[in-house]
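So you can see what is in the structure, the chains are spelled out below.
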Amino acid sequence: KRVAILISGSGSNMVALAESMVGYHPARPCLVLSNVPGAGGLAKAEAMGIDTAVVDHRPFGKDREAFEAALIERIDRAAPDIICLAGFMRILTPVFITHYAGRMLNIHPSLLPKYKGLNTHARAIAAGDEEAGCSVHEVTAELDGGPVLGQARVSIAPDDTAETLAKRVLPMEHRLYPEVLARFATGDRTPISLR
Ligand SMILES: N[C@@H]1O[C@H](COP(=O)(O)O)[C@@H](O)[C@H]1O
């Protein structure tokens, strides 16, 4: 299976996914695309010998449709079977989501359905939760709302800040996302849970 990975930033999840797609893994990366020119993850992908592309959203202003048409045109040139959103920070419309329906995944830094959206760790701490974590889900029109295919949990310590918690959750993301992708690429949607 061919996998296109969409990023906006440092791309640590992209690296974890790409590094996992070797040997008997059923998938291979075919493109790393960023909406942010110069995003740190682009250089990392090039160093791994993966094709990269930039579709900058800024010239499109408020015209999401035109931005997404350019995005779809560039992605489909790589003919991916699966799309992985990995720290891709643009909200996608139903047009884009329908085009890749049933073959697009996202990683979100909370135990969904809790804390959809941003600032997930700060909100978990503020709520007095005992646990935090991350989730990989299928992407549907509901933001962070699609079927959850995997979760990883960490305990919240009394002196945790959003930053210290994020530092402990991110390595769990790097374990969870490749595991879910390997299963998804063989058609296995059974949810998994890591600790
Ligand atoms: N959506 C969130 O954005 C962050 C991206 O990190 P990276 O993969 O760009 O390093 C990760 O925490 C991910 O869950």
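Residues numbered from 1 in each chain as written. Predicted model: local features only at pLDDT ≥ 70, side-chain atom pairs only at ≥ 80, totals over all residues. Heavy atoms only, no water.

### A look at the overall build of the protein chain
The helix and strand tally for the protein chain stands at six helices and eight strands. Seen in sequence order, the protein chain has helices and strands lined up from the N terminus as β-α-β-α-β-α-β-α-β-α-β-β-α-β. For 195 residues, the compact-globule estimate of 2.2 N^0.38 gives 16 Å, and the C-alpha radius of gyration of the protein chain, at 16 Å, lies within 12% of that figure. Every one of the 195 residues in the protein chain was classed for burial, and the buried ones make up 48%. When contacts within the protein chain are restricted to residue pairs at least 6 apart in sequence, those whose partners lie at least 24 apart make up 61%. For the protein chain, the accessible area works out to roughly 9,200 Å², and carbon and sulfur atoms hold 56% of it. Of note, the protein chain has its 21 positive side-chain charges centred 1 Å away from the centre of its 22 negative side-chain charges. (Helix = DSSP H or I, 4+ residues; strand = E, 2+ residues; numbered from the N terminus. Rg over C-alpha atoms; globule rule 2.2 N^0.38 Å. Buried < 20%, exposed > 50% of the residue type's maximum accessible area, 1.4 Å probe, protein only. Contact = heavy atoms within 4.5 Å. Areas by Shrake-Rupley, 256 points an atom, 1.4 Å probe, with all protein chains shown as cover. Lys, Arg positive; Asp, Glu negative; His and termini not counted. Charge placed at Lys NZ, Arg CZ, Asp CG, Glu CD.)

### Here's the deal with the pattern of salt bridges
Per the counting criterion, the structure on display carries ten salt bridges. A salt bridge links Arg189 to Glu138, with the shortest nitrogen-to-oxygen separation between them at 2.9 Å. One end of the pair, Arg189, is in the loop between helix 6 (162-184) and strand 8 (192-194); the other, Glu138, is in strand 6 (residues 131-138), with 51 residues separating them in the sequence. You can call Arg189 partly exposed: its relative accessible area is 38%. Taking the relative accessible area as the measure of exposure, Glu138 reaches 11% and is therefore buried. The partner of Arg183 in a salt bridge is Asp188, and the shortest N-O contact between them spans 3.6 Å. (Salt bridge = Lys/Arg side-chain N within 4 Å of Asp/Glu carboxyl O.)

### What to know about the UniProt feature "binding site: N(1)-(5-phospho-beta-D-ribosyl)glycinamide" (unreviewed entry) in the protein chain
When the UniProt feature table is mapped onto this chain numbering, "binding site: N(1)-(5-phospho-beta-D-ribosyl)glycinamide" (unreviewed entry) sits at Gly11, Ser12 and Asn13. Checked against the element boundaries, Ser12 lands in helix 1 (residues 12-20). Excluding residues that lie within four positions of it along the chain, Ser12 makes contacts with Leu170 and His174. Setting aside its immediate chain neighbours within four residues, Asn13 contacts Ala86, Ile107, Leu170, Glu173, His174 and Tyr177. (UniProt positions renumbered as here; feature names shortened; annotations may be inferred.)

### Overview of the sheet that holds strand 4 (residues 82-85)
If you trace the eight strands from one edge of the open sheet to the other, you get 3-2-1-4-5-6-7-8, paired in mixed fashion. Pairing within the sheet leaves two strands with one partner each, and these edge strands are strand 3 (52-54) and strand 8. Geometrically, the sheet is characterised by an average inter-axis angle of 20° between neighbouring strands, direction not taken into account. Relative to strand 5 (residues 104-108), strand 4 is paired through three bridges, and the arrangement is parallel. Paired with Ile83 across the bridge in strand 5 is Met104. Along the sheet, helix 1 contacts strand 1 (2-7), strand 2 (28-34), strand 4 and strand 5; its crossing angle with strand 1, the most-contacted strand, is approximately 165°. (Pairing = 2+ DSSP bridges. Axes fitted to C-alpha atoms, helices over the stretch in contact; angles between N-to-C directions.)

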